[in-house]
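Below, each chain spelled out in residue letters.
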Number of protein chains: 2
Amino acid sequence: MTYEILFGLYLLNYIFNRLTNGLLLYRHVIMNPISNLINRIDHENLWDCEITLARDEYLKVKGSIDTNIYLVVQGSLRIFVIDENEEHTIRFGYKNNLIASLDSFLNEQPSDFYIQALKKTTVKAINKKKYISFIESSEVNKKIWLNILENFVLQQMERERDILTSSPIQRYNRVLKRSPQLFQEIPNKYIASYLRMTPETLSRIKKS
Amino acid sequence: MTYEILFGLYLLNYIFNRLTNGLLLYRHVIMNPISNLINRIDHENLWDCEITLARDEYLKVKGSIDTNIYLVVQGSLRIFVIDENEEHTIRFGYKNNLIASLDSFLNEQPSDFYIQALKKTTVKAINKKKYISFIESSEVNKKIWLNILENFVLQQMERERDILTSSPIQRYNRVLKRSPQLFQEIPNKYIASYLRMTPETLSRIKKS
């Protein structure tokens, strides 16, 4: 599963953190754990490799174990599962987001998730072993990781609420409010799948 | 939101951990973080109070902020939300489970969740401030809490997959495999709501 970061404006935060790295540390830990984490991995030069995917190419397919964490450098990706021949898009990643098969990452088992590039996309990877020793190397890193997991739990709860919301308009409004950038970055047909509606319904709601 | 623990057999684990408390600590942290955590809170005598609820009574209603964590001593509860006059049951708690409005606990904002007793139920409560200082008081406690959050992320991912599974029989089989105890503890009509099917469909599937 995936580490979608749907709080928007990460690029600005990323630049801001780069400029102020080391200052106001506690505030950063609390305010923007993801870009803080990325800064720190950059700073220690821990990325293993850079991978470039063509549009529609897969970073991961069903049944594989993938314990890497990826940073999206350029482009965008989606995570989806297939149920009875129907694709369900469940997460997106775009520039400066972290993305992972989080189930595989946590339990080291094969995962049902597919991760696919939506356009030409470049990601940087860090493997789990290196990531865990990075996290365990300092109290601040542990605190950041805990904070990221807590935010992820909250996002998962919002997502569960989305799925249980029966009105398509309300589902749309919930996600638009939470993740306005999504609607700039991702083609309509995938947003429609994420919102569990047809692309036609989504177009109608956007026009209304 | 809630801290359902659906891995079953917690009572046995709880007794086992009480008998062996202090031994094989690392193994316990990894194998059963919840009962380990409960042991440690018991041992430090940190519970604030005990609350007894009549059947159908509410521990929490929509719009309230509740930053406590509860241990179910006796009885059972469900968590639900209401969407367009329809109740959606999203979690259960029974004996030796921890339960919380986890969104309120994490972000200290009002939560839409209701927590209701399904029969006469007793819970013990610990408030957030005390809980956080307990967690931060030792490296082992931090490790346990991280482990619990990681397990919770995995449970949330399973739950998302459940909801997106269109076949009622497959939804039933996924949850039965993961949480057999649920079907001993919780009345059919609430399990049906959790599984997003009518009680009649659930009965038909159980008989087949």
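Our subject is the structure listed above.
Residues numbered from 1 in each chain as written. Chains lettered and ligands numbered in written order. Predicted model: local features only at pLDDT ≥ 70, side-chain atom pairs only at ≥ 80, totals over all residues.

Novice: Before we move on, can you summarise the overall build of chain A with the specific residues and values?
Specialist: Per the secondary structure count, chain A includes ten helices and eight strands. Taking all 208 residues of chain A together, 38% fall into the buried category. When contacts within chain A are restricted to residue pairs at least 6 apart in sequence, those whose partners lie at least 24 apart make up 72%. (Helix = DSSP H or I, 4+ residues; strand = E, 2+ residues; numbered from the N terminus. Buried ≥ 20, exposed ≤ 12 C-beta atoms within 10 Å, placed from the backbone. Contact = placed C-beta atoms within 7 Å.)

Novice: Quick one: what's the story with helix α3 (residues 33–43) of chain B, residue by residue and with numbers?
Specialist: Residue and element names in this part refer to chain B. A large share of α3 lies buried, amounting to eight of its eleven residues. Among all positions in α3, only Pro33, Ile34, Ser35, Asn36, Leu37, Ile38, Asn39 and Ile41 are buried. Positioned one or two residues after α3, Asn45 has a phi angle of 55°, which is positive.

Novice: Please give an account of the pairing of strand β7 (residues 114–117) of chain B that cites residues and values.
Specialist: All names here are of chain B. Side chains of β7 alternate between two faces, with Tyr114 and Gln116 and Ile115 and Ala117 buried alike. In the sheet, strand β2 (residues 58–60) pairs with β7 via two bridges, with the strands oriented antiparallel. Across the sheet, the residue bridging to Tyr58 is Gln116, located in β7. Note that strand β4 (residues 76–83) and β7 share four bridges and pair antiparallel. (Pairing = 2+ DSSP bridges.)

Novice: Outline the packing of α3(B) against helix α6 (residues 139–164) of chain B, supporting the account with residue identities and numerical values.
Specialist: Pairs of packed helices are described in terms of their axes, by the angle between the two and the distance that separates them. All names here are of chain B. One way to put it is that α3 packs onto α6 with a least axis distance of 9 Å and a crossing angle of 140°. Judged by the inter-axis angle, α3 sits oblique to α6. Relative to α6, the crossing made by α3 is left-handed. Facing α3, whose interface residues are Pro33, Ile34, Asn36, Leu37 and Arg40, α6 presents Asn141, Ile144, Asn147, Ile148 and Asn151. Looking at the contact of α3 with α6 residue by residue, the classes come out as five nonpolar, four polar and one charged. (Axes fitted to C-alpha atoms, helices over the stretch in contact; angles between N-to-C directions. Parallel < 35°, antiparallel > 145°, perpendicular 65-115°, else oblique. Left-handed = near helix turned anticlockwise from the far one by under 90°. Nonpolar A, V, L, I, M, F, W, Y, C, P; charged D, E, K, R; others polar.)

Novice: Please set out the sheet that holds strand β1 (residues 49–53) of chain A residue by residue, giving values where relevant.
Specialist: All names here are of chain A. The strand order across the open sheet formed by four strands is β1-β8-β3-β6, and the pairing between neighbours is antiparallel. In this open sheet, the two edge strands, each paired with only one partner strand, are β1 and β6 (98–100). Taking each pair of neighbouring strands and ignoring which way they run, the sheet shows an average axis angle of 35°. As judged from the five bridges shared by β1 and strand β8 (residues 121–126), these two strands associate in the antiparallel manner. Across the sheet, the residue bridging to Leu53 is Thr121, located in β8.

Novice: Could you give me a rundown of the sheet that holds β4(B), with the residues and numbers involved?
Specialist: Residues and elements named next belong to chain B. With antiparallel pairing, the four strands of this open sheet are ordered in space as β2-β7-β4-β5. If you trace the sheet from one side to the other, it starts and ends with β2 and β5 (86–94), each paired once. Taken pair by pair, the neighbouring strands of this sheet meet at an average axis angle of 30°, ignoring direction.

Novice: Tell me about the nonpolar core, and please be specific about residues and values.
Specialist: The biggest cluster of nonpolar side chains holds 84 residues, and the ones touching the most others in it are Tyr70(A), Val153(A), Tyr70(B) and Val153(B). Beyond its immediate chain neighbours, meaning those up to four positions away, Tyr70(A) contacts Leu98(A), Ile99(A), Ala100(A), Val123(A), Lys124(A) and Ala125(A). (Core = buried A, V, L, I, M, F, W, Y, C linked by C-beta atoms within 7 Å.)

Novice: Now, about the interface of chain B and chain A: what can you tell me, with residues and values included?
Specialist: In this assembly, 27 residues from chain B lie in contact with 27 residues from chain A. Of the residues forming the side of chain B that touches chain A, the biggest block, 14 residues, is contributed by α6(B). A class-by-class count of the residues in the side of chain B that touches chain A yields 13 nonpolar, six polar and eight charged.

Novice: Please provide a residue-by-residue account of the environment of Lys120(A), values included.
Specialist: Residues and elements named next belong to chain A. With respect to the element layout, Lys120 can be found in the loop between β7 (114–117) and β8. For Lys120, a count of 13 C-beta atoms within 10 Å translates into the label partly exposed. Taking the C-alpha atoms as reference points, Lys120 and Asn173, separated by 53 residues in sequence, lie 29 Å from one another.

Novice: Break down the pairing of strand β3 (residues 69–74) of chain A for me, with residues and values.
Specialist: Residue and element names in this part refer to chain A. Where β3 and β6 come together, three bridges link them in antiparallel fashion. Of the residues in β6, the one forming a bridge with Leu71 is Leu98. The sheet contact formed by β3 and β8 spans five bridges and is antiparallel. Looking across to β8, one finds that Tyr70 is bridged to Ala125.

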